[in-house]
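Examination of the molecular architecture
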Amino acid sequence: MTKIFAHRGSKGTHPENTLAAFQHSVELGVDGIELDVHLTKDQQLVVIHDERLERTTNGTGFIYEYTLAELKQLDASSWFSIYDDVQRIPTLQEVITLCNRLGFTGIVNIEVKTDQIHYPLIEERLVELLQQKKTFIPMYSSFNLLTLERLYELDKTTNKAWIMEGTASTVDFASYFQAIDSIHPNFEWVIKAQEELFEFTKLIRPWTVNQESEMWMCFEKQFEAFHTDYPEKALAIKERYQQSRLVTQ
């Protein structure tokens, strides 16, 4: 059955990429959570989507211009008007610790944000960090094929996904590219490219799927998973879909 991945925790209902968002999604019972990682000035892995701070914090400038201690002074939740508690930018280690504490056994999809900025040794730091004991299943994803190749060289066992906008040629390339076992395409492109995907043998997990009709389509097409900003809504629709299948059997 198609899995549900909580995009940036629960982006539609909580401040994205915060511990509060991840805890909410895990407690809902999602199959996976998705997050984004960058490197700080002092080489710490932090969880935030943008290369810059302005959109989701009260800071300014690039993440790599600040140490972890400096970033921890920022508020990562005040922009989200319906959320009152202050949230800080979490480290990847803090997310791992949270998932372990909650006993999360699903997938943690770590998007490596190297498509715009090259962070030297970010792949090595990720692989090293994930050697620790954990309750969940890690996965790497990235737009950057060089990052995925580097991760494949360092760690051949952890699943890796190519995030893609998508064209027929990229699907052909993805079919034989050894470093990846799955693709995470833009859902809008998926709708247009069903013929190209018909015989595609690797796993497909579209993003970002927020409308009921889109979620229903993902279940009908039996995609391996999809990413959504509204995991609670998606879980309710999944239950309805499963019930509808029982009625028609």
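You'll find the structure just up there.
Described in the following lines is the structure provided in the data block.

Rules of the game
- Residues numbered from 1 in each chain as written.
- Predicted model: local features only at pLDDT ≥ 70, side-chain atom pairs only at ≥ 80, totals over all residues.
- Heavy atoms only, no water.
- Phe/Tyr/Trp six-rings, centres within 6.5 Å; stacked < 30°, edge-to-face > 60°.
- Helix = DSSP H or I, 4+ residues; strand = E, 2+ residues; numbered from the N terminus.
- Core = buried A, V, L, I, M, F, W, Y, C linked by side-chain atoms within 4.5 Å.
- Buried < 20%, exposed > 50% of the residue type's maximum accessible area, 1.4 Å probe, protein only.
- Contact = heavy atoms within 4.5 Å.
- Pairing = 2+ DSSP bridges.
- Salt bridge = Lys/Arg side-chain N within 4 Å of Asp/Glu carboxyl O.
- Axes fitted to C-alpha atoms, helices over the stretch in contact; angles between N-to-C directions.
- Parallel < 35°, antiparallel > 145°, perpendicular 65-115°, else oblique.
- Left-handed = near helix turned anticlockwise from the far one by under 90°.
- Nonpolar A, V, L, I, M, F, W, Y, C, P; charged D, E, K, R; others polar.

Quick look at the packing of aromatic side chains
Counting across every chain of the model gives 8 aromatic pairs. Ring geometry for Phe143 versus Trp207: centroids 6.3 Å apart, planes at 80°, classification edge-to-face. Taken as a pair, Phe143 in the loop between strand 5 (137-142) and helix 5 (145-154) and Trp207 in the loop between strand 8 (203-204) and helix 9 (212-221) lie far apart in primary sequence, 64 residues in all. Seen in terms of ring centroids, Trp162 and Phe173 are 5.8 Å apart; in terms of plane orientation they differ by 80°. Their pairing is edge-to-face.

Structural notes on the nonpolar core
Formed by 29 residues in total, the largest nonpolar core has its most connected members in Ile33, Leu35, Leu92, Val108, Ile110 and Leu126. Listed by contribution, the elements that provide at least two residues to this core are helix 1 (19-28), strand 2 (32-39), strand 3 (45-47), helix 3 (92-102), strand 4 (107-112) and helix 4 (122-129). Among the elements that take part in this core, helix 3 stands out by supplying 5 residues, more than any other. Ignoring any residue separated from it by four or fewer positions in sequence, one finds Ile110 in contact with Leu35, Val37, Leu92, Leu126, Leu130, Met139, Tyr140 and Ser141. Residues Phe187, Met217, Phe219 and Phe223 belong to the second largest nonpolar core, which totals 28 residues.

What to know about unusual backbone geometry
Of note, the amide linkage connecting Trp207 to Thr208 takes the cis form, showing an omega dihedral of -25°. For Thr208, the location among the structural elements is in the loop between strand 8 and helix 9. A positive phi angle, near 55°, is found at Arg8, a position not held by glycine. Phi angles above zero are rare outside glycine, and Gln222 is one such case at about 60°. Relative to the elements of secondary structure, Gln222 occurs in the loop between helix 9 and strand 9 (225-228). By relative accessible area, Gln222 is classed as exposed at 67%.

Digging into the pairing of strand 7 (residues 182-185)
Burial along strand 7 is two-sided: Ser182 and His184 facing one way and Ile183 and Pro185 facing the other are all buried. One ladder, built from 4 bridges, connects strand 6 (residues 159-164) with strand 7; its direction is parallel. Residue Ile163 lies in a different strand from strand 7, and its bridge partner there is His184. Here 2 bridges tie strand 7 to strand 8, and the two strands are oriented parallel to one another. Looking at the pairing, Ser182 lines up with Leu203 of strand 8.

Describing the pattern of salt bridges
All told, the structure shown has 13 salt bridges when counted by the stated rule. The salt bridge partner of Arg52 is Glu54, with a shortest N-O separation of 2.7 Å. The class of Glu54 is partly exposed, set by a relative accessible area of 35%. Salt-bridge contacts for Glu94 lead to Lys72; the nearest nitrogen and oxygen are separated by 2.7 Å. Within this pair, whereas Glu94 is found in helix 3, its partner Lys72 is found in the loop between helix 2 (68-71) and helix 3, the two being separated by 22 residues in sequence. Exposure remark for Lys72: the relative accessible area of 23% places this residue in the partly exposed category. Within the structure, one salt-bridge network assembled from shared partners comprises Arg8, Glu16, Asp50 and Arg55.

As for the packing of helix 4 against helix 5
Contact geometry for helix 4 and helix 5: axes closest at 9 Å, N-to-C directions at 45°. The pairing of helix 4 with helix 5 is recorded here as oblique in orientation. The element helix 4 and its partner helix 5 pack so that their crossing is right-handed. Residues Glu123, Glu124 and Val127 of helix 4 form the contact with helix 5, whose participating residues are Thr147, Arg150, Leu151 and Leu154. Across the contact of helix 4 with helix 5, the residue classes tally to 3 nonpolar, 1 polar and 3 charged.

Things to note about the packing of helix 1 against helix 10 (residues 231-248)
Their axes nearest at 10 Å, the elements helix 1 and helix 10 cross at an angle of 15°. Between helix 1 and helix 10, the interaxial angle falls into the category roughly parallel. For the element pair helix 1 and helix 10, the recorded crossing hand is right-handed. Two secondary-structure elements touch here, helix 1 through His24, Ser25 and Leu28 and helix 10 through Pro231, Glu232 and Leu235. Among the residues forming the contact of helix 1 with helix 10, the class breakdown is 3 nonpolar, 2 polar and 1 charged.

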